Structures are given as C-alpha cells and as structure tokens.
Amino acid sequence: MTGDAQGGAADAADAHGVTGASPGPRGAALPPAEDAAGARAAAGGAAGGAAGGEHGGAAGGEHGATEAPEAPVPRRDNDHRAEHVPANVLVPIGALLLGMLLAALDQTIVATALPTIVSDLGGMEHLSWVVTAYLLASTAATPLWGKLGDQYGRKRLFQVAIVIFLIGSALCGVAQNMPELIGFRALQGLGGGGLLVLSMAIVGDIVPPRERGKYQGLFGAVFGATSVLGPLLGGVFTEHLSWRWVFYVNLPIGVVALAVVAVFLHIPRRSDRHVIDYLGTALVAAVAVCLVLVASLGGTTWDWGSPQIAGLAALGVVLACVFVAVERRAAEPVLPMRLFRIRTFALAAVISLVVGFALFGAMTYLPTFLQVVQGVSPTMSGVHMLPMVIGLLIASTGSGQIVSRTGRWKVFPVLGTAVTAVGLLLLHRLDENSSTLAMSATFFVFGFGLGMVLQILVLVVQNAVSYRDLGVATSGATFFRSIGASFGVAVFGTVFTSRLTDRLGDALRGAALPPGVSSDTLTSDPRGIGDLPVALRPPVVHAYASSITDVFLYAVPVVLVGFVLAWFLKEEPLRRSVTAPDASQTIASNPVERSSRDEVCRALSVLGTRDGRREVYERITERAGYDLMPASSWLLLRMKRYGSVEPAELAEHSVVPLHVILAAEREVEERELGIRRGLDLELTDRGRQFAERLALAREDSLSELLGDWWGPDRPTDLVLLVEELNGELCGSDAELPRGERVLTAAGAGSRAGG
C-alpha cells in the first residue's frame, strides 16, 4: 500500500472512532444508544472521503471515489425482493458457471484420453507436455487477466477469453501430431486462465456482498464436480466417440456462454488503473518453461550433462535472478518478494509446490497404468480413479471443518504429507496383477493424504499475512501449487519415458518381432502390444507397469521434503475469517487471483450468513445490553432497514415462523419500541436508538471475525466493506432468530431502567 493510501486509511480509522466510539474486536464498550447514529454517520462520512484501498483508489479502493451517502429513504418491507439476486442476474451467472466449467473440466478430462491420444498421434515421450502446456499457459496468464479486466472491463475480457479458449479447443480437436496438439493446448490454457479469473470476479460485480459467498461457493463446487466427472467424461468420449470430442465438446457450451454473456450480462464499466507487471509475468513464465524443459528433456532427448541441458538450467537460474530484481522494483509485482520474509508463507509455498507435484503427476499417469497395464477401457479408467478423488474431497472438506471448529491445524499438513508418501509407496507396489480392491484402496489413501494438505495450506498462508497482502499471498500460494503441477507432470514423464525405453529394450532383446514392431514403436504407441506374439506380451506389459510405478517411488523423497518442512510451520491462532476457503482455492490447479477486499468479502458473507442462522441475534442482544427476544432484535433491525414492516406479510416471504414474528411484534409494542400505523409497524424514537445500538453490535460481531486486521490502522476499504455487509445482513429475511428471550444481568438493568 502506498504512503498516501496508508495515511488515508489511518485518517478514516480515526474518524471511525477507533478510540472508543466504534465497537472494537475485543469487546470494547458500545457508545450510548442515542449517540450511535451520529457515530456511524461520522464514520461513514470520513471513510467516504478518505483515500484507501488495496490499489490506492479513493474511498473503497477498487470502486473509485465516492461521496458521503445521504440518509437512506426507508422502504416498505414489501421491497424485500431487493435482498435477493434478481432473476435477470441468474441467467448471466449461469453463463459464468458454464465458462468456469469449461476451464475446470479441461484440467481433468484430458487425463483418461491421453493413452489413446498418444496411440493415435504417437510420441509417448511428449505425453506430459499435453498437460504441462495447458498448466503453464493458464498459470502465467492468470494475473494478467485479472488486472486487464479491472482496467479495460471484465465483460469484454471474459468474451475474449471464451473466444481464445474455443479457438484453442477447435484446433486441439483437429491436431495431426503431438507438437501441434501441445501448441494448441497452450493457446487453450491461455483462454482457460481468463475464464477462471474473470468468472469469479464478475460475480462480485453483479451480486451483493451478502450473497457473494454463496454464489462464489457454487463456482468452487464446479471444481469438485469436474474433478469427479472429468476423468469419467474423458473416458466416455474417447471410448464411444473419439478423443477429439474431449475438445469439441467445449464448442457448443462455449458458444452458448458467449451468447448469453453478450445479451444478458450488464455490469458497470470499471476503469481501475494498474501498473501491470508485464516483465515479471514474462520472466516467471520463462523460468517455469526452462525448469520444465530441463525436467522433460534431460535424460531422454539430451543427456543430463549435455550442453543443451546445462544451458537451459543456467538460463533458468539467470532469469530467476532477474525476476527477483524486477519484482523488488515493480509497483504491482506478480509475486512480492516481501512475502518470503514471512516464514510461514515461504514454507507453505514449498509444500504447495510438493502437493501440486504429486497430485497432477499421478493424475496424468494413473490412467495410462489402468488402460495399458490393467487393460481397462477409457471409461472404466475414469471409474477406477474415483476413489482417489473421493478421498481427496473427503479429507479436504473434513480437515477444513475440524480446523474451523477447533482452530488447530498443524497436524494436517504433517499427517497429510506422511499419508501421501505412504500412498506413493503403495502406488509403487501396484503391478499388472493387482486387484481392483487393492488399486481402489491405494488410490483412496493417496487422495486422502493430499486432501488433508490442500485446504490447510491456503488457511495457513491467509492467516500469516496482513490484510494488505491477503490477496497476493493467496495467489502466491496457489501459484506455487500450479508450478509444482507443471513440474511434477514433466518429471513424471521423464522418469517414465527413460525407464520404459530401458525396460522394453531388455524385455525384447533377441526376440523375433513382427514387421513394423520394435521397442521404439511400442514406446510411442502401446497399441502395438496387441501385435506381439502371446509369449512376449507379459514382459512388455510388465515393462510398462514397472516404468509407471517407479515414477511414484521417485516422487516419495519430494513429498518427504514437504513432510519435514511441515514440522517447521508455526501453529498460530486462526482468524475466523480465514476458515472458509472454497474449492477454487484448494482443488484447482490454477492460481487464485482476487484482491484482499474480494477475499474478505467472500469469507465474511459466508460466515456472516452462517452466523445469522445460528445465535448471532442472541449475541448482539446481549452485547447491546438488552433483554429482548432475539426475534425482537431482528424485527427492530428489519424496521430500521425498511422503515416499516407488516408482520403478516413478512411471515409470507421470511423463513421466520409467523408465531415468532407475532411474539416479537407484541414485545416491541409493549416496550414502546414500535408503533402501529394502520397495518404497518414503525419504529419509535426509542426503538430507533435500540436498533442503532443493535446494528453496531452486529457490526462488532462481523469485525471480530477479522482479528488483528481490524486494528487501529485498518484500511478504509475494509471499514466500508464491513459497514456495507452489515447493512445487508441486519434484519434480512434469510436469517432465523429464535423467539426465546435472552436474559443477562446487563439486560435486566436495561429493562428496569427502560
């Protein structure tokens, strides 16, 4: 954050009454009820005029300059539809989901088609690049898409991303050899990175903060669904149509998404200026390509000691040094070097790289083992992969739930890396005679170990950094997982190709082979196994089996590095706001690209809505010092928001039962907090003071989720976000307050005095 932005944030924090007028995160006293409205008005006016935000924008960061809002005109409660996402917004959200589906599906659908692709186009030694090209291109392009969308308009850039992705998909479908397919996959990955980043960002433009967590959760669920469906669909298309339909299927879906976005998506034009780090992006992509080339070509195309490999390695080191120097001077670096001074981030980044290495390397080569060695169909290879995916999802979800309830997390990266290493050893023991039960159990153990690490690493990184670095740190951790995935696939491919060439040569030495069949042709096209004499097939199949399973053995030391590093992670208490990551952060191979404000908004909307269905109205009633029923507090906030309510009508569209609403109405009238005007119930002056105090208590409960981010120097955009989200949550018709009274010592005194 620039000096001006920091100064503006501090001024806004002071104006907000940090020294006493505003509720603090550690139970600071609330202001007198009659002063609450004035305190909030002063805070809002100061925040509106201060300069702040993550990008140095005025009053609200990325949303640009705003003026102090005028007092809102109360609406009748029959405007409750404004609380929900309008129907005309649901249509473009569906199109955004389709865009996300396309990009997420292409990370998993190709795996089960790869053995057939290699058999058709030849070049088993290039198999890894079909996956790596997509991963590298999408990873490198992700930060650019996010910033260009901010600067030139997200709708326009999203449409460009769809077009690039569809062109890449069409070209992949017509590819005639492996180099063509690899190049077209890189083009497809370039568009896929934009689809992932911009679809999530556009949700923030068209959905109010209170609903944002729910809808972005749907996008995260797409990753969970595609991790299961991708291998299955890839097998079905390959077996019953052609492997080319793995790519062609994107075309009709993408055209529909493109048309719907063009017609129905209407978002305000943004013009947030960024100093885009083009050089840093190009350098980090070049470093990654050098590393992957060394890993994939060393020992196969060229000897490890050859001038070509040595030159590539030296070039990678030089480019990495240049990248570090460039990032130190960049105004908005792709990966700020200051993050590596935080021990937790540095350790988590390396562990993320290890996890990506193991996960995507295995997902790429297990279908080859199943189809070539076990002889199962492409469709059934997808079915056989399900235990790994199920284990991953169960462990990822379960570990997140346990951490959110207990606050203890260190055991999961330690135990997860250990179980992953055990899973790799079990994968190494598989062969052509392994039973389906043994394979399923092994796949489950491997996936379960990875799942225990994936979500926790995101939580750990988010918890270790300041609010200023929240967005870029989350992006950084997931970036290293993406680089690990690319590197892992390349290394797995090198080991596999090298071992297969040697073992096929040993198995076929001196044997009489049919015309056109040799160890080289069998390396390029495993379908040639069927042309061999029956006596030669078992040793060739065993050569394939041992070559693939040896890959997993070579990965064990890499995972053990992660296991050792996990012990050095320092377990610190978690902020509650970092306990709600979504699947787009934990399962996807692409790095996440969100601003700090967007990340906090998503988390608070999830946690705030969840609290609204629990005991939040009991807590804020007690915090405000009242002995009202929670439902009465909800009703007061409802009237504050809309000006008046009609209880019978309210019961029709609210989840709160009619008898609870009527009981709250009686208490509000008896306490002279509300007065009847015809059928409507409106606040009295005393009721308005109660409602203001309750609103401040609710805001306090939200700010407590932020921990030390909500300190005296909290930035303006965070202040405005909490106020905006609090206004949407207070008295909303999706919340479910209880009807029983909460009695407290303070509340008894309040009632006696009132």
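See above for the structure.
Here the structure is a predicted model, which is why all the values come from computation and not from measurement. Position labels on residues start from 1 in each chain and follow its written sequence. Where totals are concerned, whole chains, interfaces and linings use all residues; where local detail is concerned, this predicted model gives features only for residues with pLDDT of at least 70, and gives and counts side-chain atom pairs only at 80 or more. Only hydrogens and water are removed before side-chain values are computed, so all heavy atoms of the structure are retained for them.

Asks: Any chance you could explain the packing of aromatic side chains here in plain terms?
Replies: Within a pair of aromatic rings, the relevant descriptors are the distance that separates the centres and the angle that separates the planes. Only Phe, Tyr and Trp rings are paired, with Trp represented by its six-membered ring, and only when their centres lie within 6.5 Å; those with planes under 30 degrees apart are stacked, over 60 edge-to-face, the remainder tilted. Inspection of the entire model under this criterion finds 13 aromatic pairs. When the ring of Tyr-365 is compared with that of Phe-496, the centres are 5.5 Å apart and the planes differ by 55°; the resulting orientation is tilted. Highlighted residues: Tyr-365 in helix H13 (residues 343-373) and Phe-496 in helix H17 (residues 470-508), separated in sequence by 131 residues. Across this residue pair, the class does not change: Tyr-365 and Phe-496 are buried. Taking 6.2 Å as the distance between ring centres and 50° as the angle between the ring planes, the aromatic pair formed by Phe-496 and Tyr-544 counts as tilted. Per the convention used, a helix needs a DSSP run of H or I reaching at least four residues, while a strand needs a run of E reaching at least two, with both numbered from the N terminus. For every residue, the accessible area (1.4 Å probe, protein chains only) is compared with the maximum for its type, and the residue is labelled buried under 20%, exposed over 50%, or partly exposed between those bounds.

Asks: Sorry if this is basic, but what is going on with the environment of Glu-572 here?
Replies: Relative to the helices and strands, Glu-572 resides in the loop between helix H19 (537-567) and helix H20 (583-586). A relative accessible area of 32% places Glu-572 in the partly exposed class. With 164 residues separating them along the chain, Glu-572 and Arg-408 place their C-alpha atoms 8.4 Å apart. Leaving out residues up to four positions away in the same chain, Glu-572 has contacts with Trp-409 and Asn-463. The contact criterion used is simple: two residues touch if any of their non-hydrogen atoms lie within 4.5 Å.

Asks: Sorry, what's going on with the pattern of salt bridges here?
Replies: Oppositely charged side chains may form a pair once their charged atoms are brought near each other. Here, a salt bridge means any side-chain nitrogen of Lys or Arg that lies within 4 Å of a carboxyl oxygen of Asp or Glu. Scanning the entire structure with this criterion turns up nine salt bridges. For the salt bridge of Arg-408 with Glu-571, the shortest nitrogen-to-oxygen distance reads 3.2 Å. Of this pair, Arg-408 sits in the loop between helix H14 (378-406) and helix H15 (411-428) while Glu-571 sits in the loop between H19 and H20, placing them 163 residues apart in sequence. For Arg-408, a relative accessible area of 53% gives the class exposed. One network of salt bridges, with partners in common, ties together Arg-499, Arg-503 and Asp-550.

Asks: What is the right way to look at the nonpolar core in this model?
Replies: Here is a general trend for soluble globular proteins: nonpolar side chains tend to be buried in one another's company. The set of buried Ala, Val, Leu, Ile, Met, Phe, Trp, Tyr and Cys residues whose side-chain atoms join them within 4.5 Å is what this entry labels a nonpolar core. Membership of the largest hydrophobic core comes to 118 residues, with the highest contact counts inside it found for Ile-117 and Leu-181. In terms of residue count, the dominant contributor to this core is H13 (19 residues). Those residues in contact with Leu-181, other than ones at most four positions away along the chain, are Ile-117, Leu-121, Val-130, Cys-172, Ala-175 and Phe-247. Ranked by size, the runner-up nonpolar core spans 35 residues in total, among them Ile-93, Leu-102, Ile-202 and Val-222.

Asks: Sorry, what's going on with the packing of helix H6 (residues 154-173) against helix H7 (residues 178-206) here?
Replies: Each packed pair of helices is defined by two parameters, the angle between the axes and the distance between the axes. Interhelical geometry of H6 versus H7 gives an angle of 150° and a closest axis separation of 7 Å. Classed by the angle they form, the pair H6 and H7 counts as roughly antiparallel. Note on packing geometry: the crossing formed by H6 with H7 is left-handed. All residues other than Ala, Val, Leu, Ile, Met, Phe, Trp, Tyr, Cys, Pro, Asp, Glu, Lys and Arg, Gly among them, are scored as polar; the first ten of these are nonpolar and the last four charged. Residues of the contact of H6 with H7, tallied by class, amount to 17 nonpolar, seven polar and four charged. To obtain an axis, a line is fitted to C-alpha atoms, over the contacting stretch when the element is a helix, and the angle between two such axes runs from 0 to 180 degrees between their N-to-C directions. Throughout, the term roughly parallel applies to angles under 35 degrees, roughly antiparallel to angles over 145, roughly perpendicular to angles from 65 to 115, and oblique to all others. Note on convention: near helix rotated counterclockwise from far helix by under a right angle means a left-handed crossing. Clockwise means right-handed.

Asks: Honestly, the environment of Ala-286 in this entry has me stumped. Any pointers?
Replies: Positionally, Ala-286 belongs in helix H11 (residues 278-297). Overall, Ala-286 belongs to the partly exposed group, its relative accessible area being 25%. Taking the C-alpha atoms as reference points, Ala-286 and Leu-319, separated by 33 residues in sequence, lie 7.3 Å from one another.

Asks: Teacher, can you tell me more about the sheet that holds strand S2 (residues 674-677) here?
Replies: Backbone-to-backbone hydrogen bonds join strands into a sheet, with any given pair of strands oriented parallel or antiparallel. At least two DSSP bridges between two strands are needed for those strands to be called paired. Pairing in this open sheet of three strands is antiparallel, and the strands run S1-S3-S2 from one edge to the other. Where the open sheet ends on each side, the last strands, each with one partner, are strand S1 (644-645) and S2. One ladder, built from two bridges, connects S1 with strand S3 (residues 680-683); its direction is antiparallel. Residue pairing across strands places Ser-644 opposite Glu-682, the latter belonging to S3. Across the sheet, helix H25 (residues 658-670) touches S2 and S3, and the angle it forms with S2 is around 105°.

Asks: Explain H7 to me, please; I cannot follow it from the model alone.
Replies: Since the α-helix advances by 3.6 residues per turn, residues separated by three or four positions end up pointing in the same direction. Expected span of a helix, by definition, is 1.5 Å for each gap between consecutive residues, and there is one gap fewer than residues. In this model, H7 (29 residues) spans 42 Å end to end at C-alpha, consistent with the 42 Å of a helix rising 1.5 Å per residue. With 22 of 29 residues buried, H7 lies mostly within the body of the structure. A distance of 2.9 Å separates the backbone nitrogen of Glu-180 from a side-chain oxygen at the start of H7, and that oxygen is part of Asn-177. Two N or O atoms form a polar contact when they lie within 3.5 Å of each other; inside protein one atom must be a possible hydrogen donor and the other a possible acceptor, and for residues adjacent in sequence the pair counts only when both atoms belong to side chains.

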